[in-house]
Amino acid sequence: MERWLGKWAPFSGVVAGVLVAVSVLANGSTPANDARPGQVVAFYLQNGAIQQAVAICGTLGMAFFVFFAVALALRTRASGAGGWLAYGAAAGAVFAALALASLLAFTWILADDIRFLTPSSAQTLNVLANDFYLPSLAGFFVFGVVGGLASAVSRAPVRWMGWVLFAFGICAVVPPVTFFAVLAVFLWVAASGIWLVAQGPPDVAEREPDVRLAPSSLGQGRG
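Just so it is clear, the structure is predicted and the values come from calculations on it, not from any experiment. (Residues numbered from 1 in each chain as written. Predicted model: local features only at pLDDT ≥ 70, side-chain atom pairs only at ≥ 80, totals over all residues. Heavy atoms only, no water.)

Student: Could you give an account of unusual backbone geometry, naming the residues involved and the relevant values?
Tutor: In this model, A156 is joined to P157 through a cis peptide bond whose omega is 5 degrees. Here P157 shows up in the loop between α6 (134-154) and α7 (159-171). Phi angles above zero are rare outside glycine, and R155 is one such case at about 60 degrees. In this fold, R155 is placed in the loop between α6 and α7. Residue classification places R155 among the partly exposed positions, given a relative accessible area of 49%. (Helix = DSSP H or I, 4+ residues; strand = E, 2+ residues; numbered from the N terminus. Buried < 20%, exposed > 50% of the residue type's maximum accessible area, 1.4 Å probe, protein only.)

Student: Provide a residue-level description of α6, including the pertinent values.
Tutor: For an α-helix, 3.6 residues make a turn, and residues three or four places apart therefore share a direction. Taking 1.5 Å of rise per residue, 21 residues should cover 30 Å, and α6 covers 30 Å from first to last C-alpha, within 8% of that figure. Of the residues one or two after α6, R155 is the one with positive phi, at around 60 degrees. (Expected span 1.5 Å × (residues − 1).)

Student: Give a description of helix α5 (residues 119-131) that names residues and reports values.
Tutor: The first and last C-alpha atoms of α5 sit 19 Å apart over 13 residues, in line with the 18 Å expected at 1.5 Å per residue. What α5 keeps buried is the set A122, L125, N126 and A129. Along α5, the residues classed as buried sweep out an arc of 105 degrees about the axis, all on the same side. Turning to α5, the residues buried within the fold contact α3 (37-78) and α4 (83-113). (Arc of directions from axis to C-beta. Contact = heavy atoms within 4.5 Å.)

Student: Account for the environment of A53, with residues named and values stated.
Tutor: Among the structural elements, A53 can be located in helix α3. Considered as a pair, A53 and A111 are 58 residues apart in the sequence and their alpha carbons are 9.5 Å apart.

Student: I'd like a rundown of the packing of aromatic side chains, residues and numbers included.
Tutor: Scanning the model with the defined rule gives 11 aromatic pairs in all. Through pairs of rings, three or more aromatic residues link up here, namely F65, F140, F143 and F186. Over the ring of W8 we find K7, and its NZ or CZ is 5.4 Å from the ring centre. (Phe/Tyr/Trp six-rings, centres within 6.5 Å; stacked < 30°, edge-to-face > 60°. Lys NZ or Arg CZ within 6 Å of the ring centre and 35° of its normal.)

Student: Describe the packing of α3 against α5, with residues and values.
Tutor: A packed helix pair is summarised by two numbers, namely the angle formed by the two axes and the spacing between the axes. At a minimum axis separation of 8 Å, α3 and α5 run at an interaxial angle of 80 degrees. By the criterion of interaxial angle, the relationship of α3 to α5 is roughly perpendicular. Facing α3, whose interface residues are P37, V40, V41 and Y44, α5 presents P119, S120, A122, Q123 and N126. Its residues assigned to classes, the contact of α3 with α5 comprises 6 nonpolar, 3 polar and no charged. (Axes fitted to C-alpha atoms, helices over the stretch in contact; angles between N-to-C directions. Parallel < 35°, antiparallel > 145°, perpendicular 65-115°, else oblique. Nonpolar A, V, L, I, M, F, W, Y, C, P; charged D, E, K, R; others polar.)

Student: Give a detailed account of the packing of α6 against helix α8 (residues 178-199), specifying residues and quantitative values.
Tutor: Closest axis-to-axis distance for the α6/α8 pair is 11 Å, and the angle between their directions is 45 degrees. In terms of their interaxial angle, α6 and α8 are classed as oblique. Judged by the sense of rotation from one axis to the other, the crossing of α6 with α8 is left-handed. Contacts from L137, F140, F143 and S151 in α6 reach T178, V182, V185, F186, W188 and V189 in α8. Residue composition of the contact of α6 with α8, grouped by class: 8 nonpolar, 2 polar and no charged. (Left-handed = near helix turned anticlockwise from the far one by under 90°.)

Student: Explain the nonpolar core residue by residue, including any values.
Tutor: Membership of the largest hydrophobic core comes to 28 residues, with the highest contact counts inside it found for F65, F68, F140, F143, F186, W188 and V189. Of all the secondary structure elements, the ones that give two or more residues to this core are α2 (12-27), α3, α4, α6, α7 and α8. If you tally residues by element for this core, the top one is α8, at 7 residues. L110, I114, A122 and L125 belong to the second largest nonpolar core, which has 12 residues in total. (Core = buried A, V, L, I, M, F, W, Y, C linked by side-chain atoms within 4.5 Å.)

Below, the structure written as structure tokens:
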């Protein structure tokens, strides 16, 4: 069972990529920060169900992203990466996932409770749903940089993909390309998940301990 999970766990990256893609594509054009309160209320009254689906898909995508990061950490650790590299990448993924799920929570509140919100509070939540992304960038930066180094050192899946993820992590904190860099991270996660499943777990030779008993001096008299 454990070996089966070790082989297929990286496929969670594909699931994460698909869920995030569905969330982004279904999101459409939400109200901008300068939208009037009445426009925000009208949008979420008309598109509440779709926005709830966006929030659910995105949040589940973050959960599978963490699953993939843990699988990647174990695979890179087994292939020769240092512990701080392997588990640092997983920590970055947890940080990013929690932050992005928090952002999606504002979308869920707007979609689910719009009838109970005042126009001004709806406008405030809309701004938060649009711009509360800075904490997640720190997480994607850590995951990209540390995870990229771990993949490059361990060659899991291959060295050049590690350097690609490293570049995406750097770009995640460069404002003009932040959005595209984060999407690229999930594209990398999906592609890497397929590659790691195709590779399979690394073969770890089981070595029997070389136990040699020293000759006992018991029972031997001195000449």
